[in-house]
Amino acid sequence: MKRIYIICSLAVFLGIAGGISFFLIRDANAAVPASTTFITQSGDTYQFGKDHTKLKLIEFIYTHCPDVCPTTTQKMVELKQDLLKKGVYGKTIEFVTITIDPFRDTPEILNEYKQGFGIKNDNNWIFLTGAKQEIKNNQKQLLKIANALQFQFKDPGNGQFIHSTFTYLVSEDNKFIAKFPMGKEFNKQDVYDKIMEKIE
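Within each chain, residues carry numbers counting from 1 in the order of the written sequence. Confidence filtering applies because this is a predicted model: local features only for residues at pLDDT of at least 70, side-chain atom pairs given and counted only at 80 or more, and all residues used for totals across whole chains, interfaces and linings. With hydrogens and water set aside, each side-chain value is computed from the structure's full complement of heavy atoms.

Okay, the sheet that holds strand β3 (residues 55-61) next. What the 7 strands build is an open sheet, ordered β2-β1-β5-β4-β3-β8-β9; its pairing is mixed. Strand pairing shows two members of the sheet lacking a second neighbour, β2 (45-47) and β9 (176-181), which therefore form its edges. Across this sheet, the average inter-strand angle for adjacent strands is 35°, counted without regard to direction. Where strand β1 (residues 37-40) meets β2, 3 bridges bridge the pair, whose relative direction is antiparallel. The pairing criterion for strands is at least two bridges between them, as found by DSSP. Here a helix means four or more residues in a row that DSSP labels H or I, a strand means two or more in a row labelled E, and each is numbered from the N terminus. A fitted line through C-alpha atoms represents every axis, and for helices the fit uses only the stretch in contact; the resulting angles, taken between N-to-C directions, go from 0 to 180 degrees.

Most of strand β5 (residues 125-129) sits out of view: 5 of its 5 residues are buried. Residues Trp125, Phe127 and Thr129 line one face of β5 and the alternating positions Ile126 and Leu128 line the opposite face, and both faces are buried. By the bridge criterion, 2 bridges tie β1 to β5 in an arrangement that is antiparallel. Pairing of Ile39 across the sheet is with Thr129, part of β5. Pairing between strand β4 (residues 93-99) and β5: 4 bridges, direction parallel. The partner of Phe95 across the bridge, within β5, is Trp125. In this fold, β4 hands off to helix α3 (residues 107-116), which returns the chain to β5; that crossover is right-handed. Three labels apply to residues, based on accessible area from a 1.4 Å probe with only protein chains included: buried if under 20% of the type maximum, exposed if over 50%, partly exposed otherwise in between. Classification remark: right-handed applies to a crossover when, strands pointing away from the viewer, the course from the first strand over the helix to the second runs clockwise.

Turning our attention to the side chain of Asp101. Inspection of the secondary structure puts Asp101 in the loop between β4 and α3. Among the residues examined, Asp101 registers a relative accessible area of 7% and is labelled buried. Between N or O atoms, a polar contact is any pair within 3.5 Å; within protein, one atom must be a potential hydrogen donor and the other a potential acceptor, and residues adjacent in sequence are included only when both atoms are from side chains. Of the polar contacts made by the side chain of Asp101, one reaches the side chain of Arg104; its length is 2.5 Å. Here a residue-residue contact requires only that any non-hydrogen atoms of the pair lie within 4.5 Å. Setting aside anything within four residues of it in sequence, one finds Asp101 in contact with Tyr62, His64 and Phe161.

Packing of helix α2 (residues 68-86) against helix α5 (residues 188-199) brings their axes to within 10 Å, and their N-to-C directions diverge by 40°. With respect to α5, the axis of α2 lies oblique. Two packed elements cross with a definite hand, and for α2 against α5 that hand is right-handed. Taken together, the residues of α5 that come into contact with α2 (itself represented by Lys75, Glu78, Leu79, Asp82, Leu83 and Lys86) are Lys188, Val191, Tyr192, Ile195 and Met196. By the convention adopted, Pro, Cys, Tyr, Trp, Phe, Met, Ile, Leu, Val and Ala count as nonpolar, Lys, Arg, Asp and Glu as charged, and the other residues, Gly among them, as polar. A breakdown of the residues in the contact of α2 with α5 according to their chemical character gives 6 nonpolar, no polar and 5 charged. Angles are sorted into four bins: roughly parallel if under 35 degrees, roughly antiparallel if over 145, roughly perpendicular if 65 to 115, and oblique for all others. Take the far helix as your reference; a near helix turned counterclockwise from it by less than a right angle gives a left-handed crossing, and one turned clockwise gives a right-handed crossing.

Planes of paired rings set the category: under 30 degrees apart is stacked, over 60 is edge-to-face and the rest tilted, where pairs are Phe, Tyr or Trp rings (Trp by its six-membered ring) whose centres lie within 6.5 Å. Scanning all chains against the criterion turns up 12 aromatic pairs. Ring centres of Phe95 and Trp125 lie 5.0 Å apart, and the angle between their planes is 85°; this geometry places the pair in the edge-to-face category. Here Trp125 lies in strand β5 and Phe95 lies in strand β4, a separation of 30 residues in the sequence. According to the relative accessible area criterion, Phe95 is buried, its value standing at 0%. Between the aromatic rings of Trp125 and Phe127, the centroid separation amounts to 5.7 Å while the plane-to-plane angle is 20°, which identifies the pairing as stacked.

In short, the description is geometric, and any link to function would need to be established separately.
What follows is the structure in structure tokens.
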């Protein structure tokens, strides 16, 4: 009986360890496809494969979000100030905010959203959407990056999206480094420390 208990316990342990390893390996191998293309809040084209000079902190939002998204953006505003003081914001790290609701979140709406947080157009915090007349292509582009980073989202039909609650730090060549909780759980110090660790 004792032997069976030990074997069962070992099997459970190996199963858990295997599952954890799977997710760690999956995340470590994640990368944003270089061909992923969006439109910025200024109406310009942005392609992830073109810039290999900076780390990127990627945030997924939609501007009608009542809680998690704006809370995360506000915490990123505060993080930006810390990175500015350190002299790395815009030089070795940039922020990228991607809407999961490109139909409603036009460049004009994204500009209003960022201005509401006092975010200036410094080309180091980029807000991305898609062309309204190309919804199917927008969805393909959005799914490319969402799937690569294991970010999940769904519109249940009422305009209030259900989505994962993570932000992502990726390397200069757009490979996954780390993910952090969104909303109230977004720990500014943890994100700052990880960014500085990769820079230094």
